[in-house]
Amino acid sequence: MRSILFAAVLAALPLAAAHAGEAVEVVTGATASAADVKIAKMKFQTPEVKIKVGETVTWTNTEPLPHNVHFKAGGPVEKDVEGPMLRANQTYSLKFNAPGTYNYICTPHPFMTGKVIVE
Ligand SMILES: [Cu+2]
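Quick look at the structure, then. Here the residue numbers are simple positions, counted from 1 along each chain's written sequence. pLDDT decides what is reported in this predicted model: residues at 70 or higher carry local features, side-chain atom pairs at 80 or more are listed and counted, and totals for whole chains, interfaces and linings draw on all residues regardless. Processing note: side-chain calculations cover all non-hydrogen atoms of the structure and skip hydrogens and water entirely.

Things to note about the overall build of the protein chain
- Helix numbering and strand numbering both begin at the N terminus, where a helix is a DSSP run of H or I of at least 4 residues and a strand a DSSP run of E of at least 2. A count of helices and strands for the protein chain gives one helix and 10 strands.
- Along the protein chain, helices and strands appear, N-terminal first, in the series α-β-β-β-β-β-β-β-β-β-β.
- Classification of the 119 residues of the protein chain by burial places 33% in the buried group.
- Should any heavy atoms of two residues lie within 4.5 Å, those residues are counted as being in contact. Of all intrachain contacts in the protein chain linking residues separated by at least 6 positions in sequence, the fraction that spans at least 24 positions is 59%.
- Per-residue accessibility takes into account occlusion by the displayed protein chains alone, with areas from the Shrake-Rupley method and a 1.4 Å probe. Carbon and sulfur atoms make up 59% of the accessible area of the protein chain, which totals about 7300 Å². In this scheme, a residue with accessible area under 20% of its type's maximum is buried, one over 50% is exposed, and one in between is partly exposed, where area comes from a 1.4 Å probe on protein chains only.

Below, the structure written as structure tokens:
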């Protein structure tokens, strides 16, 4: 009986861990960013940024054409993280809670690519 209970507790652990801390977390409000990525001319102007675990990256669209950032499931990201479409001068911030390489695209413009390396 005791060993069955123990097995049940062990089986529940990975789920609990996954909920405890998502690899990527949306940050709202005033934020100190470790890296700022401007979007202009259909490109992420700093396509590769390096930050440390727990730091935040902020994207700013500087042109009238709407863009977003979209991390597909894979690598450190368990589920797709699809940011909202940003109009001119709108920003979006994400905090990165686990080390790894996070590749992303712009949903309607998949040729727009970038990566965040979290050390
Ligand atoms: Cu785009």
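Having seen the structure, we can now continue with the description.
What to know about the packing of aromatic side chains
- Only the six-membered ring of Trp is used, alongside the rings of Phe and Tyr, when aromatic pairs are assigned; centres must lie within 6.5 Å, and planes under 30 degrees apart are stacked while those over 60 apart are edge-to-face, with the rest tilted. Throughout the structure, instances matching the rule amount to six aromatic pairs.
- Judged by centre distance (4.9 Å) and plane angle (80°), the rings of Phe-96 and Tyr-102 are edge-to-face. Considered together, Phe-96 and Tyr-102 belong to a single accessibility category, that of buried residues.
- An aromatic cluster is present here, built from Phe-44, Trp-59, Phe-71, Phe-96, Tyr-102 and Tyr-104 joined pairwise through their rings.

Some remarks on unusual backbone geometry
- Despite not being glycine, Met-42 has its phi angle at roughly 60°, a positive value.
- Along the chain, the position of Met-42 falls in the loop between strand E2 (35-40) and strand E3 (43-44).
- Classification of Met-42 as partly exposed rests on a relative accessible area of 29%.
- One non-glycine residue, Asn-89, lies in the positive phi region at around 70°.
- With respect to the helices, strands and loops of the structure, Asn-89 is situated in the loop between strand E7 (81-82) and strand E8 (91-96).
- Taking the relative accessible area as the measure of exposure, Asn-89 reaches 63% and is therefore exposed.

Points about the coordination of the copper ion
- In the first shell of the copper ion, the protein supplies His-67 (ND1), Cys-106 (SG), His-109 (ND1) and Met-112 (SD), at 2.0 to 2.7 Å from the metal.
- Coordination at the copper ion is tetrahedral: its four donor atoms span angles of 89 to 131° at the metal.
- Read from N- to C-terminus, the donor residues coordinating the copper ion fall into the pattern H-x38-C-x2-H-x2-M. Taken together, the positions of His-67 in the loop between strand E5 (56-61) and strand E6 (70-71) and Cys-106 in strand E9 (residues 100-106) put the pair 39 residues apart, joining distant regions of the chain.
- According to the relative accessible area criterion, His-67 is buried, its value standing at 0%. Each metal's donors are the N, O and S atoms within 2.8 Å of it, or within 3.2 Å when it is Na, K or Ca, and because water is not part of the set, sites may look incomplete. Only four donors with every angle between 85 and 135 degrees are called tetrahedral; only four or six donors with opposite donors over 155 degrees apart and all others between 65 and 115 are called square planar or octahedral, in that order; all others are irregular.

Comments concerning the environment of Val-81
- You can see Val-81 is positioned in strand E7.
- The exposure class assigned to Val-81 is buried, which follows from its relative accessible area of 16%.
- Through-space distance from the C-alpha of Val-81 to that of Val-26 is 9.3 Å; in sequence the pair is 55 residues apart.
- In this structure, Val-81 is in contact with Val-24, Val-69, His-70, Phe-71, Tyr-92 and Leu-94, ignoring residues within four places of it in sequence.

With respect to the sheet that holds E8
- In this description, strands pair whenever DSSP reports at least two bridges between them. Read from one edge to the other, the open sheet built from five strands follows the order E1-E8-E5-E2-E3, with strand pairing classed as mixed. Each edge of the open sheet carries a strand with a single partner, namely strand E1 (24-27) and E3.
- Across five bridges, the pairing between E2 and E5 is parallel. Directly across from Ala-35, in E5, lies its bridge partner Val-57.

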